[in-house]
Amino acid sequence: MGKDVIIACDFSSREAALTFLDRFSGETRKPYVKIGMELFYGAGPEIVREIKRREHKIFLDLKLCDIPNTVKKSMSVLRDLDVDMTNLHAFGTIEMMKAAVEGLTRPDGTRPLLVAVTQLTSTSEQRMRDELLIDKALPYVVMHYAGNAQAAGLDGVVCSPLESPVVHEGCGAGFLTVTPGVRFADGAVGDQVRVTTPARARALGSDYIVVGRPITAADDPVAAYRRCLEEFVG
Ligand code: C5P
């Protein structure tokens, strides 16, 4: 599987998202696009079909977490949107993740890639201990959640690039690491905590980097995207 840069298209309206994507119409490589809660709730499911018609690959990042039956049924609705990748929270347990796989699988046995959020890249180890009462080292928690996701039949996890090595060590090189928390060396960090540069994410073995504000808020988003590609894919 080739490495790729996924742009987090975090806008709250259809118009804003499409105007942003119009800037990339001259690019030979169509950017892989992440549609998260903000855009999905703001523009509705039709935005997925519309961006798909523009021939972008789509990661639908809705981070499902609920009882297994609800997640299974919701995944079978999302299945019809025909995205390339979607996700849930590993926190929901192995049973919930197995139900999600069932719901997402099409009658012909195929399905989009399914990855599990381990710990959000905005969560520090201190907060995890103090607020979530998880008294373990963060990489250990991520690795354990990745093991649960693999046991449930998922394709990979969402984690910080810093955790890609332990995930690949524990689950094998073919288990995907989709990694947000990416910042240029000379850029602002914002609310993210566990961050690295695209070049470092590549060295750490991430399969995909998910980049939002360093591209969407850049003066020249196309140049920022190209810089990510150059550093991460080469
Ligand atoms: O703007 P920024 O580069 O921080 O955007 C990162 C994107 O990745 C956001 O859309 C955020 O919701 C998402 N994400 C994350 N950490 C996770 C899972 C998803 O930052 N663990």
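Residues numbered from 1 in each chain as written. Predicted model: local features only at pLDDT ≥ 70, side-chain atom pairs only at ≥ 80, totals over all residues. Heavy atoms only, no water.

Student: Where do I start with the pattern of salt bridges in this structure?
Tutor: Opposite charge on two side chains permits them to pair, given that their charged atoms come into close proximity. Tallying each qualifying case throughout the model produces 21 salt bridges. Of the charged contacts in the structure, one is a salt bridge between Glu46 and Arg49, with a shortest N-O distance of 3.0 Å. Placement of the pair is Glu46 and Arg49 together in helix α3 (residues 46-53), with a separation of 3 residues, close to one helical turn. The exposure class assigned to Glu46 is partly exposed, which follows from its relative accessible area of 36%. (Salt bridge = Lys/Arg side-chain N within 4 Å of Asp/Glu carboxyl O. Helix = DSSP H or I, 4+ residues; strand = E, 2+ residues; numbered from the N terminus. Buried < 20%, exposed > 50% of the residue type's maximum accessible area, 1.4 Å probe, protein only.)

Student: How should I be thinking about the layout of surface pockets in this particular structure?
Tutor: Empty space among the atoms becomes visible once a probe the size of a water molecule is rolled across them. In this structure, the largest pocket spans a volume of roughly 520 Å³. Taken together, the elements giving at least two residues each to the lining of the largest pocket come down to β3 (58-64), β8 (208-211) and α10 (213-216). Per-element accounting of the lining of the largest pocket gives the leading share, 3 residues, to β3. Among the residues forming the lining of the largest pocket, the class breakdown is 10 nonpolar, 8 polar and 7 charged. Within this model, the second largest pocket holds a volume of roughly 180 Å³. Lining the second largest pocket we find His89, Phe91, Thr118, Gln119, Leu120, Thr123, Leu132, Ile134 and Tyr145. Of the residues assigned to the lining of the second largest pocket, the class counts are 5 nonpolar, 4 polar and no charged. (1 Å grid on protein atoms, 1.4 Å probe; cavity = no way out; pocket = protein on both sides within 12 Å on 5 of 7 lines; lining within 4 Å. Points joined across faces, edges and corners; volume = space filled by probe spheres on them. Nonpolar A, V, L, I, M, F, W, Y, C, P; charged D, E, K, R; others polar.)

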